[in-house]
Amino acid sequence: MHIMVTNDDGINAPGILALSSALRELGEVTVVAPDRERSAAGHSMTLHSPLRVFELRPGFYAVDGTPTDCVNMGIHSLLPLRPDLVVSGINHGPNLGDDITYSGTVAAAMEATLMGIPAIAVSLATSDYDGHFPEAAAVAVRVARQVMANGLPADTFLNVNVPDCSSAEMRLPLITRQGKRSFVGKIVDKIDPRGRKYFWIGSEEPDFNDLEGTDFHAVNRRHVSITPLHLDLTNYESMKVLAGWSV
Ligand code: MN
């Protein structure tokens, strides 16, 4: 089995190192990841400038692009064979609810899904750089094993969020739905050393509606959260409503 690993925190992040070494248990691992942190890059792709690749050591490629660029580079150029699985992470911080639309970690798994390759995004709900990454990597291995044994439903990938605790404190995985943020963060404005105004988005901790069955609710209670996602954003119920419009 050949696994491609990527992330949005950069190739030297603790999460990708823990993930890539743990997945070696399942097969051959190739890492293709951004050369620096590209968190909140979403599904962006570099189309108007060239990309450079640096092989840091065998099987470790750094790309000066986004997570989506890395998946494209890995699958269409760097890997000798099409991988059996793409795993993205382990993100430093959760990817829950509406926030997944900003996530480069989740977008990398989306890109692999578009190419018809099974994909998993893994995030650790921590703000600590010495969070429980090895424990989260062990969870990723278990989920990857299930994906390989059972396959995934068509057009579906998994968004896995792991609570930041020891394996003993961790509770059973729950299959969850995507939750909702309960408010949008403020923009802070300050004055720079040259007397000009600058602005900073997203300075507050996100807050979510703590509804049972959601990703947030599960992780908040030390469960591993596994949300099956798909790329079809169509609101099917609304199609019926809009069918009554005279456009
Ligand atoms: Mn990140």
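Preceding this paragraph is the structure being described.
So, how was this worked out
- Residues numbered from 1 in each chain as written.
- Predicted model: local features only at pLDDT ≥ 70, side-chain atom pairs only at ≥ 80, totals over all residues.
- Heavy atoms only, no water.
- Helix = DSSP H or I, 4+ residues; strand = E, 2+ residues; numbered from the N terminus.
- Rg over C-alpha atoms; globule rule 2.2 N^0.38 Å.
- Buried < 20%, exposed > 50% of the residue type's maximum accessible area, 1.4 Å probe, protein only.
- Polar contact = N/O pair within 3.5 Å; in protein donor to acceptor, adjacent residues only side chain to side chain.
- Contact = heavy atoms within 4.5 Å.
- Donors = N, O, S within 2.8 Å, 3.2 Å for Na, K, Ca; no water.
- Pairing = 2+ DSSP bridges.
- Axes fitted to C-alpha atoms, helices over the stretch in contact; angles between N-to-C directions.
- Phe/Tyr/Trp six-rings, centres within 6.5 Å; stacked < 30°, edge-to-face > 60°.
- Lys NZ or Arg CZ within 6 Å of the ring centre and 35° of its normal.
- Expected span 1.5 Å × (residues − 1).
- Salt bridge = Lys/Arg side-chain N within 4 Å of Asp/Glu carboxyl O.

Chemist: Just to check I follow, could you spell out the overall build of the chain for this structure?
Modeler: Assigned secondary structure in the chain consists of 6 helices and 11 strands. Computed over its C-alpha atoms, the radius of gyration of the chain comes to 19 Å, within 12% of the 18 Å expected for a compact globule of 247 residues. Overall, the C-alpha framework of the chain stretches about 50 × 50 × 50 Å when taken along its three principal axes. In the chain, which comprises 247 residues, the proportion classed as buried is 47%.

Chemist: When you look at the side chain of Ser123 in this model, what are you seeing that I'm missing?
Modeler: Residue placement: Ser123 occurs in strand β6 (residues 119-125). At 2.9 Å, the side chain of Ser123 and the side chain of Asn95 are in polar contact.

Chemist: Which parts of the structure should I look at to understand helix α1 (residues 14-23)?
Modeler: Because an α-helix packs 3.6 residues into every turn, residues spaced three or four apart end up facing the same way. In terms of burial, α1 is largely enclosed, as 7 of its 10 residues are buried. Of the positions making up α1, those classed as buried are Gly15, Ile16, Ala18, Leu19, Ser20, Ala22 and Leu23. Close packing links the buried residues of α1 with β1 (2-6), β2 (28-34), β4 (60-63), β5 (85-92) and α4 (133-150).

Chemist: Please clarify how the coordination of the manganese ion should be interpreted in this entry.
Modeler: A metal bound by six donors in octahedral fashion has ideal angles of 90 or 180 degrees, whereas one bound by four tetrahedral donors has an ideal angle of 109.5 degrees. Looking at the manganese ion, one finds its protein donor set to be Asp8 (OD), Asp9 (OD), Ser39 (OG) and Asn91 (OD1), positioned 2.1 to 2.2 Å from the metal centre. Between consecutive donor residues of the manganese ion, the sequence gaps follow D-D-x29-S-x51-N. Here Asn91 lies in strand β5 and Ser39 lies in the loop between β2 and β3 (53-57), a separation of 52 residues in the sequence. Ser39 sits in the partly exposed class, given a relative accessible area of 32%.

Chemist: Whenever I open this one, the sheet that holds β5 confuses me. Can you help?
Modeler: Hydrogen bonding along the main chain pairs the strands of a sheet, whether they run parallel or antiparallel. As summarised here, the arrangement of the 9 strands in space is β3-β4-β2-β1-β5-β6-β7-β11-β8, forming an open sheet in which the pairing is mixed. On the outer flanks of this sheet lie β3 and β8 (171-175), each paired with one strand and no other. When the angles between neighbouring strand axes are averaged without regard to direction, this sheet yields 20°. Sheet analysis places β3 next to β4, joined by 4 bridges and oriented antiparallel. Across the sheet, the residue bridging to Arg57 is Phe60, located in β4. Sitting on the sheet, helix α2 (residues 67-78) touches β1, β2, β3, β4 and β5, and the angle it makes with β1 is about 150°. Those strands touched by α4 are β5, β6, β7 (156-163) and β11 (223-230), and its axis lies near 155° from that of β5.

Chemist: Help me understand the packing of aromatic side chains, please; the structure alone is not making it clear to me.
Modeler: Each aromatic ring pair is described using two quantities: the centre-to-centre distance and the angle formed by the ring planes. Applying the stated rule across the entire model yields 2 aromatic pairs. Its guanidinium or amino end placed over the ring of Phe60, Arg57 lies 3.9 Å from that ring's centre, counting from NZ or CZ.

Chemist: What should I look at first to understand α2 in this one?
Modeler: Over its 12 residues, α2 runs only 14 Å from end to end, short of the ideal 16 Å by more than 12%, given 1.5 Å per residue. Burial analysis of α2 places 10 of its 12 residues in the buried class, which makes it a mostly covered element. Those residues of α2 not exposed but buried are Pro67, Thr68, Asp69, Cys70, Val71, Asn72, Met73, Gly74, Ile75 and Leu78. Those residues of α2 hidden inside the fold are in contact with β1, β2, β3, β4, β5 and α3 (104-114).

Chemist: Just to check I follow, could you spell out the pattern of salt bridges for this structure?
Modeler: Side chains that carry opposite charge are capable of pairing whenever their charged atoms lie near each other. Per the counting criterion, the structure on display carries 7 salt bridges. In this structure, the salt-bridge partner of Arg36 is Asp35, at a minimum N-O distance of 2.9 Å. Under the relative-accessibility criterion, Asp35 is labelled partly exposed at 28%. Put simply, Lys180 and Asp98 hold a salt bridge, and the shortest N to O gap is 3.4 Å. Here Asp98 lies in the loop between β5 and α3 and Lys180 lies in the loop between β8 and β9 (187-191), a separation of 82 residues in the sequence. Given a relative accessible area of 23%, Asp98 falls into the partly exposed group.

Chemist: Just checking my understanding: could you explain the environment of Asp189 for this structure?
Modeler: Residue position: Asp189 is located in strand β9. It is 9.1 Å that separates the C-alpha atoms of Asp189 and Ile201, two residues lying 12 residues apart in sequence. Excluding residues that lie within four positions of it along the chain, Asp189 makes contacts with Lys197, Tyr198 and Phe199. Polar side-chain contacts of Asp189 include one of 3.4 Å to the side chain of Lys197.

Chemist: Could you clarify how one ought to interpret the environment of Phe54 in this entry?
Modeler: Within the fold, Phe54 resides in strand β3. Counting along the chain gives 19 residues from Phe54 to Asp35, while the straight-line C-alpha distance between them is 8.5 Å. Those residues within four positions of Phe54 in sequence are excluded, and the remaining contacts are Phe60, Tyr61 and Ala62.

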